[in-house]
Amino acid sequence: MKKVLFVMALVVLVAASYAQDIKIGGIGPVTGEAATFGISTKNGMTMAVDEWNAKGGIFGGRKAKLIFEDDKGDPSEGAIVWNKLIQQDNVVAIVGTVMSKVSLVGAPISQAAGIPMISPTSTNEKVTLVGDYIFRACFIDPFQGTVGANFAYNDLKARSAAAIFDLGNDYTKGLAENFKKQFEKLGGKIVAFEGHPTGTTDFKAQLTKILQGKPDVIYIPDYYNDVGLIAKQARELGFKGPLVGGDGWDSPELVKIGGTAVENGFFTNHYSSEDKRAIVQDFVKKYKAKFGAEPDALAALGYDAMYIMLDAIKRAGSTKGAAIRDALKATDINVVSGRIKFDENRNPIKSAVIIEIKNGKQVYRTTVNP
Ligand code: PHE
């Protein structure tokens, strides 16, 4: 009897020491045109993994191991790191990536390999339509564009608007179209709708055309680098009205690049660190202590997306792709950016916030429910 017990104890011990880490791929642009996006996202993901591991792991004593790759905000880099994580590292799931244009390249790779993916922040509608293994932790641009247009028309009382967007970026182009559709539906007039090629730094040609139409507001659905430059040049050309944009504005760099030009600027976003809910304030406190910075929406969504994935793997009690996918579908969880349940296209239904740039700071204006 003693001997049997001894052998059993030994088996348990050996099994526990072999409890393998569960490898999760993380992807974000840590360098390139929107590097603050990747840094915040990586911080958020790391924090979620550390918390789960500190509580004893995901299931069966197995801890999560984050293998993070930089996609540089570039779709072809995205394809390389996606394949590397799946084929060389054998990750069981991917949390990533930030930009829709890169997620649109990664999603088909995940789908074909049967490796579930959740993008923290890619808002372009097409991303999750790639297939049943593809999820996201954020709202989508038809909603975000509608909220922006409603705000311009109802709150800013704009009756005419212009938009300027990046022709080579599905996110900025799609969001401009969604804004236009809703603004016109409300009875507003779009006086100019100007695309520019990716990599443009001198926007004066497009802006001159825009100003000829005398718009009440200019909609700039782009990432912070471009937004800062466009805002500056619009002000230089004499535009004094409000500027409106989307989640791509969310970076501490925006006011550094745009200076006073981004004052009288408003954008739709996923979360505000001023939100009084306990789960938000607890997150803000822990994040500040760990990283010495205020968490932006990317940090919150990186954290949330990882949290949602680890919760699904735990409920699946398995690292098989199909089992994780099924568990993801059944998600019902409260995270920093709200309550997550997925609709039939694997998109959560969530509210948006409107942020104003005032004296160089982000100020929370209001929350808009779907
Ligand atoms: N929504 C953007 C996209 O789809 C990414 C983004 C999200 C950027 C949140 C900043 C903040 O490309």
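Residues numbered from 1 in each chain as written. Predicted model: local features only at pLDDT ≥ 70, side-chain atom pairs only at ≥ 80, totals over all residues. Heavy atoms only, no water.

Novice: Tell me what's going on with the overall build of the protein, and back it up with residues and numbers.
Specialist: Looking only at helices and strands, the protein has 13 helices and 14 strands in total. Over its C-alpha trace the protein gives a radius of gyration of 22 Å, about what one expects of a compact globule, namely 21 Å for 370 residues. Across its three principal axes, the protein shows a C-alpha extent of roughly 90 × 40 × 35 Å. When burial is assessed residue by residue, the protein has 56% of its 370 residues classed as buried. Counting only contacts in the protein whose residues sit at least 6 apart along the sequence, the fraction spanning at least 24 positions is 67%. A total accessible area of about 15,300 Å² is found for the protein, and carbon and sulfur atoms account for 54% of it. Taking the average location of the 45 positive side-chain charges in the protein and that of its 40 negative ones, the two points are 5 Å from each other. (Helix = DSSP H or I, 4+ residues; strand = E, 2+ residues; numbered from the N terminus. Rg over C-alpha atoms; globule rule 2.2 N^0.38 Å. Buried < 20%, exposed > 50% of the residue type's maximum accessible area, 1.4 Å probe, protein only. Contact = heavy atoms within 4.5 Å. Areas by Shrake-Rupley, 256 points an atom, 1.4 Å probe, with all protein chains shown as cover. Lys, Arg positive; Asp, Glu negative; His and termini not counted. Charge placed at Lys NZ, Arg CZ, Asp CG, Glu CD.)

Novice: Residue-level account of the pairing of strand 10 (residues 265-269), with values.
Specialist: Regular strands have side chains that alternate between both faces of the sheet. Of all five residues in strand 10, five are buried, a share of seventy percent or more. Bridge count for strand 9 (residues 243-245) against strand 10 is three bridges, and the pairing is parallel. If you follow valine 244 over to strand 10, its bridge partner there is phenylalanine 266. Following the chain from strand 9 across helix 10 (residues 253-258) to the adjacent parallel strand 10, one finds a crossover that is right-handed. Looking at chain direction, strand 10 and strand 13 (residues 352-358) are connected through five bridges and run antiparallel. The partner of phenylalanine 267 across the bridge, within strand 13, is isoleucine 355. (Pairing = 2+ DSSP bridges. Right-handed = clockwise from strand over helix to strand, strands pointing away.)

Novice: Lay out the packing of helix 12 (residues 297-316) against helix 13 (residues 321-329) with the relevant residues and their values.
Specialist: It is the contact of helix 12 with helix 13, at a shortest axis distance of 8 Å, that shows an interaxial angle of 115 degrees. Between helix 12 and helix 13, the angle falls in the class roughly perpendicular. Seen along the crossing, helix 12 lies across helix 13 with a hand that is right-handed. On the side of helix 12, the interface is formed by Ile308, Met309, Ala312, Ile313, Arg315 and Ala316, while helix 13 contributes Ala323, Ile324, Ala327 and Leu328. For the contact of helix 12 with helix 13, the class distribution of residues is nine nonpolar, no polar and one charged. (Axes fitted to C-alpha atoms, helices over the stretch in contact; angles between N-to-C directions. Parallel < 35°, antiparallel > 145°, perpendicular 65-115°, else oblique. Left-handed = near helix turned anticlockwise from the far one by under 90°. Nonpolar A, V, L, I, M, F, W, Y, C, P; charged D, E, K, R; others polar.)

Novice: Could you give me a rundown of helix 6 (residues 141-155), with the residues and numbers involved?
Specialist: For helix 6, built from 15 residues, the straight-helix expectation of 21 Å at 1.5 Å per residue is met to within 8% by its first-to-last C-alpha distance of 20 Å. All of the buried residues along helix 6 are Asp141, Phe143, Gln144, Gly145, Val147, Gly148, Ala149, Phe151, Ala152 and Tyr153. Packed against the buried residues of helix 6 are helix 7 (170-185), strand 8 (217-220), strand 9, strand 10, strand 13 and strand 14 (361-368). (Expected span 1.5 Å × (residues − 1).)

Novice: Any chance you could break down helix 7 for me, citing the residues and the numbers?
Specialist: Helix length check: helix 7, at 16 residues, gives a terminal C-alpha distance of 22 Å against a target of 22 Å (1.5 Å per residue), a fit within 8%. Of the residues making up helix 7, those classed as buried are Tyr171, Thr172, Gly174, Leu175, Ala176, Asn178, Phe179, Gln182 and Phe183. For helix 7, the N-terminal capping position is held by asparagine 169, with its side-chain oxygen 2.9 Å away from the main-chain nitrogen of tyrosine 171. Where helix 7 terminates, the next one or two residues include glycine 187, which has phi positive at roughly 105 degrees. (Polar contact = N/O pair within 3.5 Å; in protein donor to acceptor, adjacent residues only side chain to side chain.)

Novice: Lay out the sheet that holds strand 5 (residues 134-136) with the relevant residues and their values.
Specialist: Within a sheet, neighbouring strands are paired by backbone hydrogen bonds and run either parallel or antiparallel to one another. The five strands are arranged 2-1-3-4-5 in an open sheet whose pairing can be described as parallel. Since the sheet does not close on itself, it has two edges, and those belong to strand 2 (64-70) and strand 5, each with one partner. Neighbouring strand axes in the sheet, compared pairwise and without regard to direction, differ in orientation by 25 degrees on average. One ladder, built from seven bridges, connects strand 1 (residues 22-28) with strand 2; its direction is parallel. From the neighbouring strand, glycine 26 faces strand 2, where its bridge partner is phenylalanine 68.

Novice: If you had to explain the nonpolar core to someone new, which residues and values would you point to?
Specialist: As a rule of thumb, soluble globular proteins bury nonpolar side chains together. Counting residues in each nonpolar core, the largest one holds 48 residues, and the members touching the most others are Phe183 and Ile218. Looking at which domains feed residues into this core, each of domain 1 (2-138 + 277-350) and domain 2 (142-269) supplies at least three. Not counting the four nearest positions on each side in its chain, isoleucine 218 is found in contact with Ala162, Ile164, Ile210, Leu211, Ala234, Phe239, Pro242, Leu243 and Val244. Ranked by size, the runner-up nonpolar core spans 42 residues in total, among them Met47, Ala299, Tyr307 and Leu310. (Core = buried A, V, L, I, M, F, W, Y, C linked by side-chain atoms within 4.5 Å. Domains from an automatic or database assignment.)

Novice: A description of the environment of lysine 276 should follow, citing residues and the corresponding values.
Specialist: Tracing the chain through its elements places lysine 276 in the loop between strand 10 and helix 11 (278-291). Once the C-alpha coordinates of lysine 276 and aspartate 89 are considered, the two residues, 187 residues apart in sequence, prove to be 40 Å apart. Only 3.2 Å separates the side chain of lysine 276 from the backbone oxygen of glutamate 274, close enough to count as a polar contact.

Novice: An account of the domain arrangement of the protein is needed here, citing residue identities and associated values.
Specialist: Partitioning the protein into structural domains gives domain 1 (2-138 + 277-350) and domain 2 (142-269). Contacts between the two partners involve 18 residues from domain 1, matched on the other side by 17 residues from domain 2. Both sides together, the interface formed by domain 1 and domain 2 hides about 1,300 Å², and carbon and sulfur atoms give 52% of it. Interface area lost by domain 1 to domain 2 is led by Glu33, Phe37 and Lys101, which between them contribute 35%. In this assembly, domain 1 and domain 2 are joined by one salt bridge. Lysine 126 is the partner of aspartate 170 in a salt bridge, and the nearest nitrogen-oxygen pair spans 3.4 Å. The interface formed by domain 1 and domain 2 includes seven residue pairs in polar contact (both at pLDDT 80 or more). Every element with two or more residues in the side of domain 1 that touches domain 2 is listed here: helix 2 (35-54), helix 4 (100-113) and helix 12. Residues that form the side of domain 1 that touches domain 2 fall into these classes: seven nonpolar, five polar and six charged. (Buried area = accessible area lost by both parts, 1.4 Å probe. Salt bridge = Lys/Arg side-chain N within 4 Å of Asp/Glu carboxyl O.)

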